[in-house]
Amino acid sequence: MEGIVTPEAVVLDVETAGVASRVFAGMLDLLVQLAILFAGAMMLSAFGFVGSSTNLLATLLTALVVMGYPLISETLMRGRTIGKRAMGLRAVTVEGSPIRLRHALLRMMGGLVDRFLPPLGVTGMLFVLGTARHQRVGDLLAGTIVIRDPDRTPLPAAVWFPVPPGCEAFAATIDPTAMSDEQYTVIRSFRMRNR
């Protein structure tokens, strides 16, 4: 199925992310997670934790980073992680709306299956290749897809035209809210040419 069908029955033409872009985003996220783990290990050693307490704290830190990083970043960054942002990807629901905490939680739980079920990472890749919308296990559980973020073209700068001298009273009576977008565009382009 091409695009996303919204609840209002509008088809959004978006491109789903393939395997390569998702792998590169995942590798960037892995680097971020390793950096967080390294910083956490340095803090543990700086505070003088040694022995069996270090092993317990290191295990807890690892679990927190592996499960908490995608959950927190996708929730706060509206379907993105640092890797997804760098690759121009975003996770959205199959209806096209931003994901929420419950979607991110289900995606994270499915991600554990995708990444850690032997052989490592192949399960997720096979699901992405085998589903019509390039969904992995976490996407199927949460009802989400990963799309390429549409390019955002910058809006043209707003132009302010001063009221000509002597026309202030007339300009105060004008109500432009009844104008359509097309009418406004025609008037604006005329004014821009005759400036």
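Located above this text is the structure these notes cover.
The residue count restarts for each chain, going from 1 along the sequence in the order it is written. Reporting in this predicted model follows two pLDDT cut-offs: at least 70 for local features of residues, and 80 or more for side-chain atom pairs to be given and counted; totals over whole chains, interfaces and linings ignore these cut-offs and use all residues. Neither water nor hydrogens contribute to the side-chain values; these are computed over all heavy atoms in the structure.

Colleague: Can you lay out the side chain of glutamine 135 for me, pointing to particular residues and giving the numbers?
Modeller: Structurally, glutamine 135 can be placed in the loop between helix H5 (122–130) and helix H6 (137–142). Three labels apply to residues, based on accessible area from a 1.4 Å probe with only protein chains included: buried if under 20% of the type maximum, exposed if over 50%, partly exposed otherwise in between. Note on glutamine 135: relative accessible area 10%, which makes it buried. There is a polar contact of 2.8 Å between the side chain of glutamine 135 and the backbone oxygen of threonine 144. Beyond its immediate stretch of four places on either side in the chain, glutamine 135 contacts Arg22, Val94, Phe127, Val128, Leu140, Thr144 and Ile145. Helix and strand assignments follow DSSP, with helices taken as H or I runs no shorter than four residues and strands as E runs no shorter than two, numbered in order from the N terminus. In protein, a polar contact requires one atom able to donate a hydrogen and another able to accept it; more generally it is a pair of N or O atoms within 3.5 Å, and residues adjacent in sequence count only if both atoms are side-chain atoms. The contact definition used throughout considers only heavy atoms, calling two residues in contact when any of these lie within 4.5 Å.

Colleague: Describe a nonpolar patch on the surface, with residues and values.
Modeller: Taken together, Leu28, Leu30, Leu31 and Leu34 make up a surface patch of nonpolar side chains, about 360 Å² in accessible area. Within the element layout of this structure, leucine 34 appears in helix H1 (residues 19–46). Patches were defined on residues exceeding 30% relative accessible area and lacking a salt bridge, with like-charge contacts within 9 Å and nonpolar side-chain contacts (Val, Leu, Ile, Met, Phe, Trp, Tyr) within 5 Å. Calculation of accessible area relied on Shrake-Rupley with a 1.4 Å probe; when residues are assessed, cover is drawn exclusively from the protein chains displayed. For this analysis, a salt bridge means a side-chain nitrogen from Lys or Arg found within 4 Å of a carboxyl oxygen belonging to Asp or Glu.

Colleague: I'd like a description of unusual backbone geometry, backed by residues and values.
Modeller: Of note, the phi angle at arginine 78 is positive, near 55 degrees, even though the residue is not glycine. When you line up the elements, arginine 78 lands in the loop between helix H2 (52–76) and helix H3 (82–87). Under the relative-accessibility criterion, arginine 78 is labelled partly exposed at 49%. A positive phi angle, close to 55 degrees, is found at histidine 134, a residue other than glycine. Within the secondary structure, histidine 134 sits in the loop between H5 and H6.

Colleague: Lay out the nonpolar core with the relevant residues and their values.
Modeller: As used here, the term nonpolar core means buried Ala, Val, Leu, Ile, Met, Phe, Trp, Tyr and Cys residues forming a set that is joined through side-chain atoms within 4.5 Å. Core analysis: the biggest nonpolar cluster contains eight residues, these being Ala17, Ala25, Leu71, Leu89, Ala91, Ile99, Ala104 and Val146. In this view, valine 146 contacts Thr16, Ala17, Arg22, Lys84, Leu89, Arg90, Ala91, Arg107 and Asp139; residues no more than four positions away in its chain are not counted. In terms of nonpolar packing, the next biggest core, distinct from the first, is built from five residues, Ile4, Val14, Val92 and Ile147 among them.

Colleague: Before we move on, could you go through H5 and cite the residues and values that matter?
Modeller: Of all the residues in H5, the buried ones are Thr123, Gly124 and Val128. The buried side chains of H5 occupy one side of the element, clustering within an arc of 135 degrees when seen end-on. Among the exposed residues of H5, those oriented more than 90 degrees off its buried face are Leu126, Leu129 and Gly130. Elements in contact with the buried residues of H5: H1 and helix H4 (101–116). The directions considered for the arc run from the helix axis to the C-beta atoms.

Colleague: Which residues make up the pattern of salt bridges, and what values do they have?
Modeller: Taken as a whole and judged by the stated rule, the model has eight salt bridges. Of the charged contacts in the structure, one is a salt bridge between aspartate 139 and arginine 22, with a shortest N-O distance of 2.7 Å. Residue aspartate 139 is located in helix H6, and its partner arginine 22 is located in helix H1; the two are separated by 117 residues in the primary sequence. Of the charged contacts in the structure, one is a salt bridge between arginine 90 and aspartate 149, with a shortest N-O distance of 3.1 Å. Remark: aspartate 149 occurs in the loop between strand S4 (144–148) and helix H7 (168–172) and arginine 90 occurs in strand S3 (residues 89–93); sequence separation between them is 59 residues. Note on accessibility: arginine 90 and aspartate 149 belong to one class, buried.

Colleague: Which residues make up the layout of surface pockets, and what values go with them?
Modeller: Where empty space is left in the structure can be found by rolling a water-sized probe over the atoms. Only protein atoms enter the 1 Å grid used here. Points where a 1.4 Å probe fits but cannot escape make up a cavity, open sets with protein on both sides within 12 Å along at least five of seven lines make up a pocket, and a residue lines them when an atom lies within 4 Å of a point. Grid points are joined across faces, edges and corners, and a volume is the space filled by probe spheres set on the points. In this structure, the largest pocket encloses a volume near 900 Å³. Along its surface, the largest pocket is lined by 32 residues, and Arg22, Val23, Gly26, Met27 and Arg115 are the ones closest to its centre. Those elements that provide at least two residues to the lining of the largest pocket are H1, H2, H4 and H5. Considering every element that reaches the lining of the largest pocket, the biggest residue donor is H1, with 11 residues.

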